Amino acid sequence: MTLLWKQFLLLSIMEYLAECLDYKSFNGPKWRMEPSDLTVGSLEEEATLTCDAKGIPPPQYRWSLNGTLINLRTDSRRRLSGGNLVIRSLDRAQDGGIYQCTAFNPLGAVLSRRASLQFACVMGEYEPKIEVNFSEMVPAAKGSIVTLECFALGNPVPQITWRRANGVPFPSKVKMKNSNVVLEIPSFQQEDAGGYECVAENKMGKNTVQGRLSFHAKPQWVQTMRDSAFSIEERLFWECKANGKPKPSYSWLKNGEPLAVEDRIHIDNGALTISSVNLSDAGIYQCVAENKHGIIYFGAELVVLASPPDFSRSPLRALLKAKTGSAVSMECKPQAFPIAMSLWRKGNDPLQSTERITLLPDGTLRITNVTKMDSGTYSCLAKNQFGAASTTGRLLVTDPTQITQGPVDMEIIVGESIVLPCQISCDPALDVSFSWAFNGQLLNKLDQHYEHVGGSTSGDLMIRNIQLKHAGKYVCVVDTDVESLSAAAILIVKGPPGAPDGVMVEEIMDSTAQLSWRPGQDNGSPITSYIIQAKTAFTVGWQAVNTVPEVIDGNTRTATVVDLNAWVEYEFRVLARNSVGVGEPSPASLKTRTEDAVPDTAPADVGGGGGSKSELVITWEPVPEELQNGDGFGYIIAFRPLGEVNWTHAVISAPAQSRYVYRNESIPPFSPFNVKVGAYNTKGQGPFSSVTIVFSAENEPSGVPAGVWARSISATEIEVMWHILTSSPERVLGYEVVYWEDDTKPETMGKVRVSANQNKVNISGLRGYTQYFLTLSAFNTAGTGPISPTINVTTRKSPPGQSPLNVEWNLIGSKLTVHWEPVISLEMESEVTGYQVSYRRNRHKEINTISTNLTSVELTLPADDDYIIQIRALSGGGGGTPTEPINIHKLSMSVRGSRAWRANTIPISLLSIIALSTVRPALC
C-alpha cells in the first residue's frame, strides 16, 4: 500500500469519526477495575484476576505473565470472562508470578497495574514455613497506613507474634489483624521507621523474617494531563508531575507501547511536546512515574481532528432583519480542522472593508448604520486544505417602530376598571409582540384582573376591578424582530383607608372610656373621620358607640366613648373613612372592664299569682348581667295587702332568680297585694319597679259538677255533657274530663279541659266498639276539685271498610248520573245508613258533598271544567273507605264510563271514555 493511499484512508476514517463523534467526548479505554494481588491455597480451586475498562467501542483485553503475552487461543487452562482472566487446574510452577492486563480499542490501549498470584501449602505435621512476608526494606510515606503481612504454613497452625528490632514496645495505635497475620500502623511517622520481625511458631519449631520500614514514598501524582482534542497541525504540550522519595523518573507510553521520539515529538521528563500533530498521533497516552518504591500510570486520550469546512451547525440565518441606522453582525464560523479562510459576497460581488463594512479576522462581517440599500443576499465561502463550503442568508432592513399612544399616569378608585393603551406603527415585514411589566416583574397572565385587548398593532391592557395592590409602575414592552421599545406610566389607586392600629384604652370609668389609636394608610385619599365600635359578651357582633366629640375628624387620634354599662368587659376597634369609603377595622383593643356602680335598671315584667294555699307568688324578669353594674347583685321584693301602708321586704341574692313565694296561714285566698321589686349590688340599692297588683293563691273548687252524661257519636268519638256550677265559693276557671279504657290499665288514661262557660265537649281519636270510663271535675289555679261519679260509654262499631263497587256514570251536557253497587257491612262493622258523594273541580280545594240513602245520584256540574268524584258508605260508626278518585272530563258531547273495583284491592280497570271522533282531534 502506497504512502498516499495510507494517508487518504486515514483521512477518510478521521472524517467519518469527526461526523459521528462529539469532539468533547473521548472514548479510548479507561479503567473501571484493575487486577489486585491474589493468594490461593489449593491447586484444585479456580483463580480469577479482575480487569474491566470502559470505552467506545467496548475495549478488548490481553494478559501477560512475568512480562510475556499469554496466548489464550492455545492455552486450555486459561480463558477470558469479559476482561477477567480465569485460571483452572492451578499449577504452582506455571501459574505463580506477576500478571498485567492491557485494554484496547481502535482509539488506543492502556496498561493496568501489576498483580501477583501466590500459592500457599496443607501437609503432615511440620515446622512453620513463612510463605508470605514483607520485604527486607519497605518504604512508607508520612501519614499513610502501613501494613506488614506475615503468613505462615505449618501443622499445627503456627502462632504469629511481632516485635521491633530495638525492643521498643509497639505504640497503642498499632493494630494486629487476622490472627496476627497483619500488622497495621496507621498514620506512619518518622519514629515508626526501623526494623520489624515476625515470628511464626508451633510445637515443631519456629521461623522468623526480618525487614525494615524506611521513611520513603512511592510516586504520587500532583499534576496530570486531560483528554484533549487538537486540530491537525496544532502544537500539543502535556506535562505530568509526581511526588516521591526518591524523586521519580518519567517515561511515556502510547497505546501501551513506549513512545518513539522523532523530530516532531520531544520528551523532557514529565513533559511531552508534539510540535505539529497529525492523524497518526491519535491514541491513548500514558505518563509513567517510577522510583524504587513503585510505579504509577496516568492516561489521557488524544483525538486529532481533520475535516473540510462544515456549516451544518452554524449556518447564516435564512432571514436577518435590522432597522435602519442600526449595526448588523453576521458570523462565518464553520467547523473546520484546521481553521478555514473565509470570503464574503453580497449577491455575486465580493465584499471589501469600507467605512461602514468591517471584515473581522475571525470571519465576522459587521455593517454599521445600515440602510435599505444594504438589504440583499449575503454569502460566506470557507476553505482549508481538505475542502470548501459556503452558507447564504438574506438581510432585510426595515423602518423603525414607534409607539404612537402609550400609557399615561392616572388616578383611579378601587373597584373601577381602566384600559392602559399601548399602540404602535411598524414596518409590515416585522413580527410584533406585546408584554407588560408591573413594578419590574412580568404580569401574571393568569391574574383574573388583567386582560390584553386590541388588535395586532395594539397591546392595550385592561385592568378590571382594580385593587390597592395594583398601584405602581406599568411598562408596555414592544418586541419586534429588530428592536425592543417600552413606555411607562404610574397608576395611583385610591381606596378606603387602611386599618388603624394600636388601639388602646387610656382610662376607663363606669360609663366612659378614653381611647387612643394610630392612623393607617390613607390609600390615596385623606382620612376625613373615624368611627368607634365596641363589643361585649352580651352584644351580637360589633356595635357603633356614642363618643365625645360626636364626630371624630381625620386629624384626631383620641376620643371618649360614653353611655357604657358599668362592670362590663369591653373591646374597642376603630375604622377610618375618606372620600372613597370606610376602610377595614383596626385590631381589637385588649379587653377592659368598666368600673362598678349602683344599679340603674329595675326588674321588668313584675307580676305573679297562683301557688298553693296561703301563698303569695311574685315573679319578675331578671335583670341582664350587662345591666347589673357590679358584684353582689340581688333583688329586694316589697309587698303589702291592698289598702295598707307598711311594706314587707325580702332580699334575694341570686341574680338569675325570677320568682319569690311568701307563705303565711293568715293570707286570705285570692286576696290582692301591692307588689314592687328593686335591685342592689355591693355599691348600693338601685330603683324599684312600678307597683303592680298580685293576688294570693286561691282554693281549688269545692263543688262537684252534676248531670254528667255521655253518648257515642261514632266509632272514634264520644260527646260528654254536664250542668255548669252556678254557685261556688271558689273561682272556677274550667272543667276537666278524664277518660280511660280499663281501670286496670292507667296508662290508657287521657284528659280534656274546657273553659268555665262550656257544658259539653267531644273526645275524638278513640277505638271503635270499646267501653270508656269518665269522670268530671272543676279546676282553677289551685288545682282540680272533687270528681264526679264514674260513668261509662261504648263507642260505636267501625264504619264499613269496603268502598262502593262497580261505579258507573253518564254525562249528558251538564247532568252527571252516577250508579254503584250497595255496600254490605261485616259483623264487626256498623250498618250502612246511606252514602256520601264528594266532588270538587280539578285544581281546586273546595269540596262539595251530597248524602243519599240510594245507590245512585244525579249532579248538575257547571260546564267547561274537569271534576274529581269520590263515594263512601255512611254508618252509625262514621264514614267508610272512599273509592279511588274518579276523573270526569267535561266534553262538548255525551260520554259515559265506569270503574270496577274488587273488594280491598286497587282498581283493575281505568276510566273508559267513549266519544265521537268530532269531540277531540287525535294528537300526533
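Structure: above.
Small disclaimer: the values here were computed from a predicted structure and weren't measured.

> Before we go on, may I ask you to explain the nonpolar core in this structure?
When a protein is soluble and globular, its nonpolar side chains tend to lie buried together. Core analysis: the largest hydrophobic core is formed by 23 residues, its most contacted members being M225, L236, W238, W252, L272, Y285 and L302. Looking at this core, the element that brings in the most residues is strand β30 (residues 294-305), giving four residues. Core analysis: the second largest hydrophobic core is formed by 21 residues, A322, V328, C332 and W344 among them.

> Can you walk me through the environment of H723 in this structure?
Along the chain, the position of H723 falls in the loop between β69 (718-721) and β70 (734-740). When the C-alpha atoms of H723 and P705 are compared, they prove to be 6.2 Å apart, with 18 residues separating the residues in sequence.

> I tried to follow the sheet that holds strand β68 (residues 709-712) on my own but got confused; where do I start?
Two strands in a sheet stick together by hydrogen bonds in their backbones, pointing the same way (parallel) or opposite ways (antiparallel). Strand order across the open sheet formed by three strands is β68-β69-β72, with antiparallel pairing between neighbours. Every other strand in the sheet has two partners, leaving β68 and β72 (760-763) as the edge strands with one partner each. For this sheet, the mean angle separating the axes of adjacent strands, direction not counted, is 20°. Where β68 meets β69, four bridges bridge the pair, whose relative direction is antiparallel. Across the sheet, the residue bridging to A710 is V720, located in β69.

> Which parts of the structure should I look at to understand unusual backbone geometry?
Generally, phi is negative for residues other than glycine and the peptide bonds are trans, each holding for most cases. That bond from F337 to P338 is cis: its omega, 0°, falls within 30 degrees of zero. In this structure, P338 sits in the loop between β34 (335-337) and β35 (341-346). Along the chain, V548 connects to P549 via a cis peptide bond; the corresponding omega equals 0°. Tracing the sequence through the fold places P549 in the loop between β55 (546-548) and β56 (552-553). Backbone geometry at N269 places phi at a positive 55°, although glycine is not the residue there. Examined against the element boundaries, N269 turns out to sit in the loop between β27 (265-268) and β28 (271-274).

> I tried to follow the environment of E829 on my own but got confused; where do I start?
For E829, the position within the fold is in the loop between β77 (815-821) and β78 (832-841). Placed 33 residues apart in sequence, E829 and R796 show a C-alpha to C-alpha distance of 8.8 Å. Here E829 is in contact with K797, S798, P799, P800 and G801, once residues within four sequence places are set aside. A distance of 2.9 Å separates a polar atom in the side chain of E829 from the backbone nitrogen of G801. At 3.0 Å, the side chain of E829 forms a polar contact with the backbone nitrogen of L826.

> Would you mind going over the state of the cysteines with me for this structure?
Covalently bonding the sulfur atom of one cysteine to the sulfur atom of another cysteine gives a disulfide. All chains considered together, the criterion is met by five disulfides. For C240, the disulfide goes to C287, at an S-S distance of 1.7 Å. Disulfide C240-C287: torsion about the S-S bond near 40°, hence right-handed. With a gap of 47 residues between them, C240 in the loop between β23 (236-239) and β24 (241-245) and C287 in strand β29 (residues 283-291) connect regions that are remote in the sequence. In this pair, the class of C240 matches that of C287, namely buried. The disulfide partner of C332 is C380, and the S-S distance across this bridge is 1.7 Å.

> Please explain the sheet that holds strand β33 (residues 328-330) as it appears in this structure.
Taken together, three strands build an open sheet; the order of strands is β33-β38-β37 and the sheet is antiparallel. Looking at strand neighbours, the two that pair on one side only are β33 and β37 (357-359), the edges of this open sheet. Across the sheet, the mean angle separating the axes of adjacent strands is 15° when strand polarity is ignored. Looking at chain direction, β37 and strand β38 (residues 365-367) are connected through three bridges and run antiparallel. Opposite T358, over in β38, you have R366 as the bridge partner.

Procedures and definitions
- Residues numbered from 1 in each chain as written.
- Predicted model: local features only at pLDDT ≥ 70, side-chain atom pairs only at ≥ 80, totals over all residues.
- Heavy atoms only, no water.
- Core = buried A, V, L, I, M, F, W, Y, C linked by side-chain atoms within 4.5 Å.
- Buried < 20%, exposed > 50% of the residue type's maximum accessible area, 1.4 Å probe, protein only.
- Helix = DSSP H or I, 4+ residues; strand = E, 2+ residues; numbered from the N terminus.
- Pairing = 2+ DSSP bridges.
- Axes fitted to C-alpha atoms, helices over the stretch in contact; angles between N-to-C directions.
- Contact = heavy atoms within 4.5 Å.
- Polar contact = N/O pair within 3.5 Å; in protein donor to acceptor, adjacent residues only side chain to side chain.
- Disulfide = S-S within 2.5 Å.

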